[in-house]
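Residues per chain are reported as follows:
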Amino acid sequence: MKVVSLNDVIGTDREVEAENGNWVSRRLLFKKDGMGYSVNDTIIRAGTETHIWYQNHLEAVYCIEGSGEVETIKDGKVWPIKAGDIYALDEHDEHLLRAHKGGDMRMVCVFNPPLTGREHHDENGVYPVDNEE
């Protein structure tokens, strides 16, 4: 049994902020937890746009606060997102994530394969694949 409190993660090395300030991710479950997926509680800052392309991971994102949109690059389709919506990047979709100017979005993000917790987006918005056992 594992119990992780968000309050115990905030302010530690498990809280990772984007270099551009667009988001902050609190890493709750990692690869080392052995669940086969990882879970992050992420704040997308109001009025920001972030280019993301998880070439090595599938991600499901559940919005629990705020609103914004996701634009898939390959077809230019824009998907409105609000609290209570989930979106799944089931085709390693390259996308733009935007939070509306009215307030931050808070998201619960699940990754498969799981993240190690040390990842940072590269210049293409990609997290590297982790081959460590």
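As the structure is a prediction and not an experimental result, all values here were calculated from the model.

**Q** A description of the pairing of strand β8 (residues 86-89) should follow, citing residues and the corresponding values.
**A** Side chains Y87 and L89 project from β8 onto a buried face, and the interleaved I86 and A88 project onto a face without burial. As judged from the four bridges shared by strand β5 (residues 58-65) and β8, these two strands associate in the antiparallel manner. Note that in β8 the partner of E59 across the bridge is L89.

**Q** Residue-level account of the sheet that holds strand β4 (residues 49-53), with values.
**A** Pairing is antiparallel in the open sheet, where four strands are placed in the order β4-β9-β6-β7. The open sheet terminates on both sides in strands that have one partner only, identified here as β4 and β7 (78-82). Across the sheet, the axes of successive neighbouring strands diverge by a mean angle of 25°, strand direction being ignored. Inspection of the sheet shows β4 paired to strand β9 (residues 94-99) by five bridges, in the antiparallel sense.

**Q** Before we move on, could you go through the sheet that holds β8 and cite the residues and values that matter?
**A** Spatially, six strands are ordered β1-β2-β3-β10-β5-β8 in an open sheet, and the strand pairing comes out antiparallel. Because the sheet does not close on itself, it has two edges, and the strands there are β1 (15-17) and β8. Each adjacent strand pair in this sheet contributes to an overall mean axis angle of 20°, direction not counted. With seven bridges joining them, strand β3 (residues 38-44) and strand β10 (residues 105-112) adopt antiparallel strand pairing. Within β10, the position partnered with V39 by the bridge is V110.

**Q** Kindly report on the pattern of salt bridges, identifying the contributing residues and their values.
**A** One pass over the full model with this rule turns up 10 salt bridges. Between E71 and R98 there is a salt bridge, with the nearest N and O atoms lying 2.5 Å from each other. A residue pair is termed long-range when its members are at least 10 positions apart, and E71 in strand β6 (residues 67-72) and R98 in strand β9 qualify at 27 residues. The class of R98 is buried, set by a relative accessible area of 17%. Two residues, K82 and D85, come together in a salt bridge whose shortest N-O distance is 3.2 Å.

**Q** Go over the environment of R27 with me, naming the residues and quoting the values.
**A** Counting through the fold element by element, R27 comes out in strand β2 (residues 23-29). Look at R27 and you get buried, because its relative accessible area is 0%. Separated by 14 residues in the primary sequence, R27 and D13 place their C-alpha atoms 9.0 Å from one another. For R27, the side chain forms a polar contact with the side chain of S25, separated by 3.0 Å.

**Q** Please set out the side chain of S25 residue by residue, giving values where relevant.
**A** Summarising the element assignment, S25 is placed in strand β2. Of the residues examined, S25 reaches a relative accessible area of 2% and is grouped as buried. There is a polar contact of 3.3 Å between the side chain of S25 and the side chain of T42. Not counting the four nearest positions on each side in its chain, S25 is found in contact with R14, E15, V16, N40, D41 and T42.

What counts and what doesn't
- Residues numbered from 1 in each chain as written.
- Predicted model: local features only at pLDDT ≥ 70, side-chain atom pairs only at ≥ 80, totals over all residues.
- Heavy atoms only, no water.
- Buried < 20%, exposed > 50% of the residue type's maximum accessible area, 1.4 Å probe, protein only.
- Helix = DSSP H or I, 4+ residues; strand = E, 2+ residues; numbered from the N terminus.
- Pairing = 2+ DSSP bridges.
- Axes fitted to C-alpha atoms, helices over the stretch in contact; angles between N-to-C directions.
- Salt bridge = Lys/Arg side-chain N within 4 Å of Asp/Glu carboxyl O.
- Polar contact = N/O pair within 3.5 Å; in protein donor to acceptor, adjacent residues only side chain to side chain.
- Contact = heavy atoms within 4.5 Å.

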